[in-house]
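Working through the structure, step by step
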Amino acid sequence: MAAENERRELEAKLKSQAEKEEEEWNKSVLSGVKSAAGVKYQDEALSLSESIHQLVSSTSFNSMEELRHTQETMLKEICAFLVKRTNASFVAVARLEDSDTLHYKVAADKKDVIVDHDEDGNEENVEHKEAPQPEITVRNLPPMDDDMAYVLRRGNGITFERVVDLNKGLCVTDVKFVEGMFFFDQKRQGTYLAVPIRSGKKVVGIISADTLDSLIEAELKDFEIPQFMSAAFILSAFMERSELLYRNQILKRRKESLTVMSKRANTLPDDMAQEIVSSIQEMLPACSCCVGVCNLTSQILVLSSSGPSWQGTCNGVVDETKEEHGLMMKAVASKLLEVKTREESVEEVAIPILDEQKVTAVVHVKSAPGSSIPQFLIDFQTSMSSVVASVLLSPARSAKRVLSIIAAAAVGDPKNLFQHAAAICRWHSSSSSIKIVAKHGPDSLRILFEEEETDSNVIERSSIPACEEATRSRAVSFDGTSVVVPLMHKEDDRTPYGLILAKTSSVSEEQMSILEAIGSALSDAFEVVEFRRKMSIASVTALEALLKKLPKLRGACLSFPDSCGFNIVARVLGSFSHPVVVGERLQNFKAFQKVAVAREGCAAVGNILVAGEELEQTQVNFHEETPLVTLSSFADILCTVAERIRWEKMRVDRTDAELREGEEMLLQHFNVCRFDMQTERAIQDIGMIYIDNIRESLHPNELGACIFQAIMYILGHQQRDVSQWKRCRKLITHHLFKEMKMIDIRAPLTVHKLKLARERISALSAADIAMEAGPHALQLWKWVLMILEIQGVE
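Read on for an overview of the structure. Here the structure is a predicted model, which means the values were calculated and not measured. (Residues numbered from 1 in each chain as written. Predicted model: local features only at pLDDT ≥ 70, side-chain atom pairs only at ≥ 80, totals over all residues. Heavy atoms only, no water.)

Considerations on the sheet that holds strand β15 (residues 458–460)
Pairing is antiparallel across the open sheet formed by 6 strands, whose spatial order is β15-β14-β13-β18-β17-β16. Pairing within the sheet leaves two strands with one partner each, and these edge strands are β15 and β16 (477–478). Of the pairings in the sheet, the one linking strand β14 (residues 444–450) to β15 comprises 3 bridges and is antiparallel in character. Its bridge partner lying in β15, S444 is registered against E460. (Pairing = 2+ DSSP bridges. Helix = DSSP H or I, 4+ residues; strand = E, 2+ residues; numbered from the N terminus.)

Okay, here's the thing in structure tokens:
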């Protein structure tokens, strides 16, 4: 609640500040317009200013297209305004592309209407009410790269020398008699007027007008310069205002995006780096920028980059001879923002990102030739450095975060996890080769992952002396040629189940500490992946049983949650009308019915999903389980399966005979847990009183007798002893529950006896049993059905 109030107070404060800034800006523009227009043109200038203000205020500036459209509309309005209210037959706005080039962007033309006269010089239609209005046309001029572009170069005419360089207005009463003034290589008669468009004291363009095409021989005068100057001031002010508003929208949007990414549980360093680069490119499109992480040997690895300065970066590592590397390492050493200036303009900047008081990454920005880096961009990246630091972490914390994200997105295949772990190890150890191995017998190691494939996938432990020491001490060991990092099981820290082998000739204490943290992170992450692999195998039996129990369902799947809670499909049986792809996020989630595989109050280890529409179509009788109850019971059984898998020792050498047997046992886990849970529940709910009553009854309920006879067949009793109740009831003893629990459900039971059991209950229904024999009989009937289903006799 306090945080929410704080957020609201901050938003109110920022809104008030923005309103105050806009009010001050409006006052400044109003004063500037009045000063530029003078008394004579003040009202018209204020009217134009208000019109442009409404245009800018009604624009959201959410995209570059909106900005360009608004600015283009501004240019057109100003050209149309001037050509209507002055004698000009042509008005255009030009941008100063560089110190020697003006490019005309928009123009307005005016075509006067000549009133016809009779032979005596009188107007033919004396009774006309008004003279016809001139025809006004406003148009975009061709772009700079077009052959037909309107471009004025320095040395042609007098505009550069008299307007751009002197930064003041000019009016020429007759261009025909001015040396050097040509229009399309021709000398023409008419007046010409031009005024500079300023940004501060700097000329950024011009507004020019002429009367060369006037049919009524109109002229432009010196006293009209203030009207053009006021229009130039309005154009400059609102162009800058529109760019500021667009920039603020970018800053707001990018700040929100980076903040959201920093809080998202599955954001990887590469993702954050790409977002930083993207935000810089949007704010300063022509620049070169990169985000790099550094290691203890003063190397910088580029996570994301853009622009010509970073093209051809070898293997993602910044060449130490590059000028940019020096500035980046300077920021690493000082832990402060470092800049390179040229003529008081910032040409290059390196912004460090810190975690745990150490520089973990550096943002580098270099302006395009002839331009500079604006202060707002530096301020933005500096202010966001603490936000992105939650993803661009110190080596140990980053390894834990990255590998846990990779593990959470996996469904059993550790290859991607190993690749990331190897890359992190190689970067922080300067190793030439990384292997991840598992124990293989008493003296060998089996390679689980290697960056460079070799002929053999088994190596002798004695060939790497550090292996023995790392295994014995359960700590990072170095033998002069290799660093060995042990991988330990959380529940069993007596001996490593695997090792990371990093080939290197030297390693510092700090590097060994980082490698130890990476090993710990990989151990935790690999346990998650291995657990999911086993659960995925074990779920096959569960999903098969579910589809048999609910035949209306065409498909069922098991998913695992990633770091953000999205469902990653792990195993699919049957088919779905919507795409369901193993290893990918489940799409169109609302079309599925989900039941979490979770104990009450605990996070879900996975989910069972079926098509919601198909589940709704499944009809059941009153005393039968609803489909949702069936799903929930299967999910509950899988919870027990998950607990059993977690108890198992971490063994990853899949060629080991014992492990192969364990892999085959995974397919039995669901049936074993299902049997154990349902048998235990029946024993607890029924009790011996009910059993004694049945045993002592000479004429029990017929349905109940059938169920007990079926149980006796399952327990292996002979048909002659079971078929008659007088003999069968003698088989029901106080040891019945113990006998039921002693059944090895993994082993096949006698098929003949199972078929006899099936015959005894084949005509029974849940409704009849519940009504005539009671709930205890119903529970035993379900137990019998479960045994028959697991044994494949239905």
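There's more to say after this.
Here we look at the pattern of salt bridges
Inspection of the entire model under this criterion finds 31 salt bridges. Here R253 ties to E282 by a salt bridge, and the two come within 2.9 Å at their closest N and O atoms. You can see R253 sitting in helix α5 (residues 225–263) and its partner E282 sitting in helix α6 (residues 269–283), a full 29 residues away along the chain. Connected through salt bridges with shared partners, the residues R253, R254, E275 and E282 form a single ionic network. (Salt bridge = Lys/Arg side-chain N within 4 Å of Asp/Glu carboxyl O.)

Describing the pairing of strand β10 (residues 338–342)
One ladder, built from 5 bridges, connects β10 with strand β11 (residues 345–355); its direction is antiparallel. Across the sheet, residue E338 finds its bridge partner in β11, namely A350. Between β10 and β11, which pair antiparallel in sequence order, lie 2 residues; one of them, E343, sits at a positive phi of approximately 55°.

Points about the state of the cysteines
The full count for this structure, using the stated rule, is 0 disulfides. C564 forms no disulfide, and the closest cysteine sulfur to it belongs to C557, at a distance of 19 Å. The thiol of C706 is unpaired, and the distance to the nearest cysteine sulfur, on C728, comes to 10 Å. (Disulfide = S-S within 2.5 Å.)

Structural notes on helix α14 (residues 627–647)
Owing to its 3.6 residues per turn, the α-helix aligns residues three or four sequence positions apart on the same side. Its 21 residues give α14 an end-to-end C-alpha distance of 31 Å, which sits within 8% of 30 Å, the value for a rise of 1.5 Å per residue. Buried within α14 we find P627, T630, L631, F634, A635, I637, L638, C639, T640, V641, A642 and I645. Where α14 is buried, its residues meet α12 (509–549), β19 (555–561), β21 (592–597), β22 (606–611), α13 (612–617) and α15 (657–696). (Expected span 1.5 Å × (residues − 1). Buried < 20%, exposed > 50% of the residue type's maximum accessible area, 1.4 Å probe, protein only. Contact = heavy atoms within 4.5 Å.)

Quick notes on empty space enclosed by the protein
Counted according to the given criterion, the structure contains 1 cavity of 30 Å³ or more. The calculated volume of the largest cavity comes to roughly 40 Å³. As for the largest cavity, its lining consists of K439, L445, R461, T471, P496, G498 and L499. Looking at the lining of the largest cavity, its residues break down into 3 nonpolar, 2 polar and 2 charged. (1 Å grid on protein atoms, 1.4 Å probe; cavity = no way out; pocket = protein on both sides within 12 Å on 5 of 7 lines; lining within 4 Å. Points joined across faces, edges and corners; volume = space filled by probe spheres on them. Nonpolar A, V, L, I, M, F, W, Y, C, P; charged D, E, K, R; others polar.)

Details of the environment of S278
Along the chain, the position of S278 falls in helix α6. A residue is classified by how much of its surface remains accessible, and S278, at 29% relative accessible area, is partly exposed. S278 sits 27 residues away from S305 along the chain, and the two C-alpha atoms are 8.9 Å apart.

Let's talk about the layout of surface pockets
The computed volume of the largest pocket comes to approximately 2300 Å³. Those elements giving two or more residues to the lining of the largest pocket turn out to be α3 (64–85), β1 (90–98), β2 (101–111), β6 (192–199), β7 (202–210), α5 and α6. The greatest single-element share of the lining of the largest pocket, amounting to 9 residues, is contributed by α5. Split into classes, the residues belonging to the lining of the largest pocket amount to 27 nonpolar, 11 polar and 12 charged.

What to know about the packing of aromatic side chains
Inspection of the entire model under this criterion finds 8 aromatic pairs. Note on W25 and F238: the rings are 5.2 Å apart at their centroids and 85° apart in plane angle, and the pair reads as edge-to-face. Placement of the pair is W25 in helix α1 (residues 2–37) and F238 in helix α5, with a sequence separation of 213 residues. Assigned by exposure class, W25 and F238 land together as buried. Plain terms: the ring middles of Y497 and F526 are 6.1 Å apart, the flat faces sit at 45° to each other, and that makes the pair tilted. Separated by 29 residues along the polypeptide, Y497 in the loop between β17 (482–487) and β18 (498–503) and F526 in helix α12 bring together distant segments of the chain. Y497 sits in the buried class, given a relative accessible area of 6%. Its relative accessible area of 2% is what places F526 among the buried residues. (Phe/Tyr/Trp six-rings, centres within 6.5 Å; stacked < 30°, edge-to-face > 60°.)

Focus on the nonpolar core
Of all hydrophobic cores here, the largest spans 75 residues; its most connected members are V91, I207, I276, V365 and L392. Per-element accounting of this core gives the leading share, 14 residues, to α5. Setting aside residues no more than four positions away along its own chain, V91 makes contact with C79, L82, V83, V106, A107, A108, I207, S208, A209 and F228. Counting residues in hydrophobic clusters, the runner-up holds 47 residues, among them F675, Y690, I691 and W725. (Core = buried A, V, L, I, M, F, W, Y, C linked by side-chain atoms within 4.5 Å.)

Points about the environment of S306
For S306, the location among the structural elements is in strand β9 (residues 300–306). Linking S306 and C290, residues 16 residues apart in sequence, is a C-alpha distance of 6.4 Å. Setting aside anything within four residues of it in sequence, one finds S306 in contact with V277, Q281, C287, S288 and C289. Polar contacts involving the side chain of S306 include one to the side chain of Q281, which spans 3.5 Å. (Polar contact = N/O pair within 3.5 Å; in protein donor to acceptor, adjacent residues only side chain to side chain.)

Regarding the sheet that holds strand β12 (residues 358–366)
Ordered by their spatial adjacency, 5 strands build an open sheet running β9-β8-β12-β11-β10, and the pairing between neighbours is antiparallel. The sheet is open, and its two borders are formed by β9 and β10, each paired with just one other strand. For this sheet the average axis-to-axis angle between neighbouring strands, irrespective of direction, equals 15°. Direction of pairing for strand β8 (residues 288–294) relative to β12: antiparallel, over a ladder of 6 bridges. Pairing of S288 across the sheet is with K366, part of β12. (Axes fitted to C-alpha atoms, helices over the stretch in contact; angles between N-to-C directions.)

With respect to the packing of helix α16 (residues 702–714) against helix α22 (residues 775–790)
At a minimum axis separation of 10 Å, α16 and α22 run at an interaxial angle of 35°. Taken as a pair, α16 and α22 cross one another with a handedness that is left-handed. Here I707, F708, A710, I711 and I714 of α16 lie close against α22, whose contacting residues are A777, L780, W781, W783, V784 and I787. Here the contact of α16 with α22 is composed, by residue class, of 11 nonpolar, no polar and no charged. (Left-handed = near helix turned anticlockwise from the far one by under 90°.)

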